[in-house]
Amino acid sequence: MTSHTPADTFPRQYARTLRYTIGAPRSFSVAPDGSRVVFLRSRSGSDRANLLWTLDTATGEERIAADPAVLLGGGEEDLSPAEKARRERSREGSAGIVGYALDAAGTLAVFALSGRLFTADLVTGATAELPARGPLLDPRPAPDGSCVAYANTAGELRLTRADGSGDRVLAEPDGPNVTWGQAEFIAQEEMDRDRGFWWSPEGDRLLVERADDSPVGRWWIADPANPEREPAEVAYPAAGTANAEVGLWVFDLHGGRTEVVWDRTAFPYLGRVHWSKGGVPLLQVQSRDQRSRLILGLDVATGATEVLHEEHDDAWLELFPGVPAWTPDGKLVRISDEGGVRALVVGDQAVTGADLHIRSVVAVTEDEVFFSASGGAAETDPEPGWIAVGRISHDGKRLGWESANGRPFTSVTSAVHGGGITVRATAEPDLPGSLVRVARDLPEGLVVDDVATIASYAETPVITARPVFRFAGERRIPAAVFLPTGYDRERDGLLPVLMDPYGGPHGQRVVQAHNPHLNSQWFADQGFAVIVADGRGTPGRGPAWEKSIALDFAGATLDDQVEALHALAGEFPLDLGRVAIRGWSYGGYLSALAVLRRPDVFHAAVAGAPVTDWALYDTHYTERYLGDPAERPEVYAANSLNGYAAGLERPLMIIHGLADDNVVAAHTLRLSSALLAAGRPHTVLPLSGVTHMTPQEEVAENLLLLQVDFVRSALGG
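This report concerns the structure included in the present document. The shown structure was predicted, so the numbers you read here are calculated from the model rather than taken from an experiment. (Residues numbered from 1 in each chain as written. Predicted model: local features only at pLDDT ≥ 70, side-chain atom pairs only at ≥ 80, totals over all residues. Heavy atoms only, no water.)

1. Observations regarding the overall build of the chain
Move 1: In terms of helices and strands, the chain carries 13 helices and 44 strands.
Move 2: On C-alpha atoms alone, the chain measures out to a radius of gyration of 25 Å, which is about the 27 Å that the 2.2 N^0.38 rule sets for 717 residues.
Move 3: C-alpha extents for the chain along the principal axes are approximately 70 × 55 × 55 Å.
Move 4: Put simply, the chain has 717 residues, and 57% of those count as buried.
Move 5: The long-range fraction of contacts in the chain, counting pairs at least 24 apart against all pairs at least 6 apart in sequence, stands at 61%.
Move 6: When the accessible area of the chain is evaluated, it comes to approximately 26900 Å², of which 50% is carbon and sulfur surface.
Move 7: The averaged location of the 97 negative side-chain charges in the chain is 2 Å from the averaged location of its 64 positive side-chain charges. (Helix = DSSP H or I, 4+ residues; strand = E, 2+ residues; numbered from the N terminus. Rg over C-alpha atoms; globule rule 2.2 N^0.38 Å. Buried < 20%, exposed > 50% of the residue type's maximum accessible area, 1.4 Å probe, protein only. Contact = heavy atoms within 4.5 Å. Areas by Shrake-Rupley, 256 points an atom, 1.4 Å probe, with all protein chains shown as cover. Lys, Arg positive; Asp, Glu negative; His and termini not counted. Charge placed at Lys NZ, Arg CZ, Asp CG, Glu CD.)

This is the structure:
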């Protein structure tokens with residue numbers, strides 16, 4: 001890690017370094033023969049432009065494979081609106097090379113820069129620009145590296161020869177709102193699927209998504225600070241309204257095409273596509289209510305599909321990274337909630353039990369499945385927040401952990417496996433940043449044969465986080481507590497409290513790591529006892545924990561914040577007469593909800609980019625938890641904020657980026673109107689030109705300072 005600028009304050013450094021992610025290695029791949037590791041990293045902790053790097057596993061030597069400054073001749077990047085939208089969906093704030101794809105041998109890398117197509121030969125070190133009709137998106141090479149397929153902003157899917165000898169269209173839009181080879185908004189934002197086409201292992205065909213968003217309602221995102229600019233048109237599928245029409249086609253390289261057939265009326269969501277060598281292509285499709293899903297096998301010659309597995313859940317079914325997949329000998333690998341346990345299933349056998357909560361499949365080898373997991377039975381966990389990488393034989397009889405010290409109780413932030421090599425980034429609560437180890441597989445799953453450590457150039461934080469982890473209350477709610485640096489109970493007495501949650505689905509905040517807690521520690525150092533609590537609905541504790549919020553955001557998630565606060569007051573110096581709460585996105589919703597519903601507990605709130613009316617949020621997320629608004633209007637009314645506006649008794653600051661196309665500013669404006677109509681004073685802070693990510697350095701820095709000032713004033717301190 002690199003040193004910081006001496007004049008840095010934490011808010012400035014935190015904002016400038018994109019929360020200390022700049023300069024850290026990321027996006028790892030391993031060549032199938034284990035000879036090299038490919039990754040992205042910028043030159044320093046203050047340079048946002050990622051370079052493409054390789055590491056030789058025989059020598060541990062790192063080498064630059066592609067430098068965007070060289071390839072662009074020192075010019076600035078020019079991103080298309082479509083690429084900016086893709087980065088917003090993936091919460092990507094860096095620059096340069098932000099993604100790449102490899103051929104089957106792991107010797108050729110392809111990537112986009114400024115909407116142009118580039119390749120890097122990872123053996124010779126040569127780079128080249130290929131002819132392409134851009135601005136392009138998501139280029140991916142054929143398995144043999146002979147050509148590259150890519151989508152572009154015109155909605156086309158095109159092929160270009162890797163030797164530069166030609167570029168041609170494979171599919172072009174057959175309607176004004178049709179795209180080929182691009183994941184639709186819902187897939188990118190909510191399904192964690194950013195791909196829209198997939199090569200066959202032989203390189204002779206592609207599976208290609210066709211999306212038509214004509215049925216989707218149009219919203220308009222204006223920039224009030226610049227009234228001369230036209231509003232941006234956004235196709236936004238709000239809860240209860242039409243989604244894009246999504247289909248899948250098999251293409252050969254000569255333009256021949258076959259439509260893939262399944263019951264798209266009953267199962268309109270295309271969640272996952274998997275096509276491995278020697279295996280039938282797999283599709284995972286979901287019903288609109290996400291209570292049912294199918295795993296389908298595809299006949300690429302006819303487009304017909306066969307149901308290989310069907311699953312139903314009375315609450316909902318999650319999508320998971322890495323599955324469905326095949327083992328080399330033809331067993332289906334999936335993650336299932338059957339029996340109330342989130343288990344890894346190989347063939348017809350669940351190979352893990354209730355002691356583990358499976359989160360993803362990292363890789364499938366001849367004999368084993370590599371996976372990430374956390375504790376399933378919280379009573380057996382030493383502390384909350386650990387995430388580990390394990391490996392288990394296909395029959396479930398041999399389990400080991402990818403941990404250098406033989407102990408899984410760390411936080412694995414990312415992991416990949418290939419060619420007998422595992423790359424894992426691990427974090428510890430008392431160590432800044434993460435440590436990326438490259439290791440060879442050894443028997444029993446205990447990796448102690450480290451090949452190399454990939455250096456991080458991320459800056460060292462100017463403060464040190466000191467989380468104290470606890471299971472709070474009868475529900476054993478995972479929590480982390482932060483006290484001011486140098487706090488002395490006899491001298492300083494009870495502290496005003498700042499609850500700092502996300503508190504909702506897919507947002508785990510209590511993790512065994514250092515850097516994710518720096519923001520909370522900084523707030524503590526301003527004179528607060530800060531509590532981060534992961535109540536019901538957050539990931540990592542089992543299906544029942546996550547699904548207990550079905551049809552009930554406003555009850556369960558708020559109740560658990562209150563329970564954690566009161567339980568921790570028995571051990572920590574908490575002044576329960578001075579309690580504030582802050583959060584962003586779902587955390588912003590929860591913060592506003594807290595002062596509206598429980599003013600007896602919460603005395604002030606800062607709500608950033610809150611969802612205030614769930615009917616204004618997207619289909620796939622909202623309907624999963626709250627159902628169809630036409631069928632359950634009472635559920636939407638009970639879980640939205642506007643109906644509680646007349647009950648506001650406490651200071652409330654609402655912050656919202658006016659360019660946010662995920663949680664649009666209408667949420668804040670409608671709540672503010674309801675509060676005004678009820679005669680309830682409140683503060684609204686509009687952020688001109690800011691999206692849901694708030695990447696601008698000055699904005700991010702000053703938001704922290706303004707929040708502290710507001711909370712201090714509201715609590716009388």
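2. Focus on the pairing of strand β31 (residues 388-393)
Move 1: Among the six residues that make up β31, six are buried, leaving the element largely enclosed by the rest of the structure.
Move 2: Residue alternation in β31 divides its side chains into two sets, Ala388, Gly390 and Ile392 and Val389, Arg391 and Ser393, and both sets are buried.
Move 3: Of the pairings in the sheet, the one linking strand β30 (residues 368-375) to β31 comprises six bridges and is antiparallel in character. Looking at the pairing, Glu368 lines up with Ser393 of β31. (Pairing = 2+ DSSP bridges.)

3. Brief notes about the pattern of salt bridges
Move 1: One pass over the full model with this rule turns up 36 salt bridges.
Move 2: Asp167 serves as the salt-bridge partner of Arg158, at 2.9 Å between the closest nitrogen and oxygen.
Move 3: For Asp167, a relative accessible area of 26% gives the class partly exposed.
Move 4: A salt bridge links Glu209 to Arg193, with the shortest nitrogen-to-oxygen separation between them at 2.7 Å. Here Glu209, found in strand β16 (residues 205-212), pairs with Arg193, found in the loop between α4 (185-190) and β15 (197-199); they are 16 residues apart in sequence, far enough to count as distant. In this structure, Glu209 and Arg193 share a single accessibility class: buried.
Move 5: Connected through salt bridges with shared partners, the residues Asp313, Asp337, Arg342, Glu546 and Lys547 form a single ionic network. (Salt bridge = Lys/Arg side-chain N within 4 Å of Asp/Glu carboxyl O.)

4. Some thoughts on the environment of Tyr636
Move 1: Its location among the elements puts Tyr636 in helix α11 (residues 633-639).
Move 2: Along the backbone, Tyr636 and Leu294 are 342 residues apart, and their C-alpha atoms lie at a distance of 28 Å.
Move 3: Side-chain polar atoms of Tyr636 contact the backbone oxygen of Gly627, separated by 2.6 Å. (Polar contact = N/O pair within 3.5 Å; in protein donor to acceptor, adjacent residues only side chain to side chain.)

5. Concerning the nonpolar core
Move 1: Ranked by internal contacts, the top residues of the largest apolar core, which has 68 residues, are Ile531, Phe553, Phe602, Trp614 and Leu652.
Move 2: Ignoring anything within four residues of it in the chain, the contact list for Leu652 reads Ala592, Val595, Ala605, Ala607, Leu675, His682, Thr683 and Phe710. (Core = buried A, V, L, I, M, F, W, Y, C linked by side-chain atoms within 4.5 Å.)

6. Concerning the sheet that holds strand β33 (residues 411-418)
Move 1: With respect to topology, four strands assemble into an open sheet ordered β33-β34-β35-β36, the strand pairing being antiparallel. The open sheet is flanked by β33 and β36 (450-454), the only strands paired with a single partner. Strand-to-strand, the axes of this sheet are offset by a mean angle of 20°, without reference to chain direction.
Move 2: Alignment of strand β34 (residues 421-428) against strand β35 (residues 431-440), held across seven bridges, turns out to be antiparallel. (Axes fitted to C-alpha atoms, helices over the stretch in contact; angles between N-to-C directions.)

7. Quick notes on the packing of helix α8 (residues 553-568) against helix α9 (residues 586-597)
Move 1: It is at 10 Å that the axes of α8 and α9 come closest, and there the two elements cross at 80°. Judged by the angle between their axes, α8 and α9 are roughly perpendicular. Residues Phe553, Ala554, Thr557, Leu558 and Gln561 of α8 form the contact with α9, whose participating residues are Tyr586, Tyr589, Leu590, Leu593, Ala594 and Arg597.
Move 2: Taken together, the residues of the contact of α8 with α9 break down into eight nonpolar, two polar and one charged. (Parallel < 35°, antiparallel > 145°, perpendicular 65-115°, else oblique. Nonpolar A, V, L, I, M, F, W, Y, C, P; charged D, E, K, R; others polar.)

8. Some thoughts on the sheet that holds strand β6 (residues 101-102)
Move 1: Taken together, the four strands give an open sheet; going across it, the order is β6-β7-β8-β9, and neighbouring strands pair in antiparallel fashion. For this open sheet the edge positions go to β6 and β9 (127-130), each flanked by a neighbour on one side alone.

9. Let's talk about the packing of aromatic side chains
Move 1: Under the criterion given, the structure shown has 26 aromatic pairs.
Move 2: Ring geometry for Phe553 versus Trp614: centroids 4.8 Å apart, planes at 55°, classification tilted. Placement of the pair is Phe553 in helix α8 and Trp614 in the loop between β42 (604-608) and α10 (619-626), with a sequence separation of 61 residues.
Move 3: Both rings, one in Tyr621 and one in Tyr625, keep their centres 4.9 Å apart while their planes meet at 75°; by these two values the pair is edge-to-face. Pair noted here: Tyr621 and Tyr625 are both in helix α10, with a separation of four residues, about one helical turn. The residues Tyr621 and Tyr625 share a single accessibility class, namely buried.
Move 4: Each member of the aromatic cluster is reached from another via a ring pair, and the members are Trp316, Tyr502, Phe553, Tyr586, Tyr589, Trp614, Tyr617, Tyr621 and Tyr625.
Move 5: Looking at Arg257, its charged tip hangs above the ring of Trp180, at a distance of 5.4 Å from the centre.
Move 6: Above the plane of the ring of Phe471 lies Arg476, whose end atom (NZ or CZ) is 4.2 Å from the centre. (Phe/Tyr/Trp six-rings, centres within 6.5 Å; stacked < 30°, edge-to-face > 60°. Lys NZ or Arg CZ within 6 Å of the ring centre and 35° of its normal.)

10. Considering helix α12 (residues 666-677)
Move 1: With twelve residues, α12 extends 16 Å from end C-alpha to end C-alpha; this agrees with the ideal 16 Å at 1.5 Å per step.
Move 2: The set of residues buried in α12 consists of His667, Thr668, Leu671, Ser672 and Leu675. Along α12, the residues classed as buried sweep out an arc of 125° about the axis, all on the same side. α12 presents Leu669, Leu676 and Ala677 as exposed residues on the side facing more than 90 degrees away from its buried surface.
Move 3: Tucked inside the fold, the buried residues of α12 contact α9, β43 (652-657) and β44 (683-687).
Move 4: Immediately downstream of α12, the backbone of Gly679 shows phi near 70°, a positive value. (Expected span 1.5 Å × (residues − 1). Arc of directions from axis to C-beta.)

11. Brief notes about empty space enclosed by the protein
Move 1: Throughout the structure, instances matching the rule amount to three cavities of 30 Å³ or more.
Move 2: Approximately 120 Å³ is the volume found for the largest cavity.
Move 3: In terms of lining residues, the largest cavity is bounded by 17 residues, among which Pro384, Gly385, Gln508, Gly540 and Arg541 are the most central.
Move 4: Per-class residue counts for the lining of the largest cavity are six nonpolar, six polar and five charged.
Move 5: Empty space within the second largest cavity amounts to approximately 40 Å³. (1 Å grid on protein atoms, 1.4 Å probe; cavity = no way out; pocket = protein on both sides within 12 Å on 5 of 7 lines; lining within 4 Å. Points joined across faces, edges and corners; volume = space filled by probe spheres on them.)

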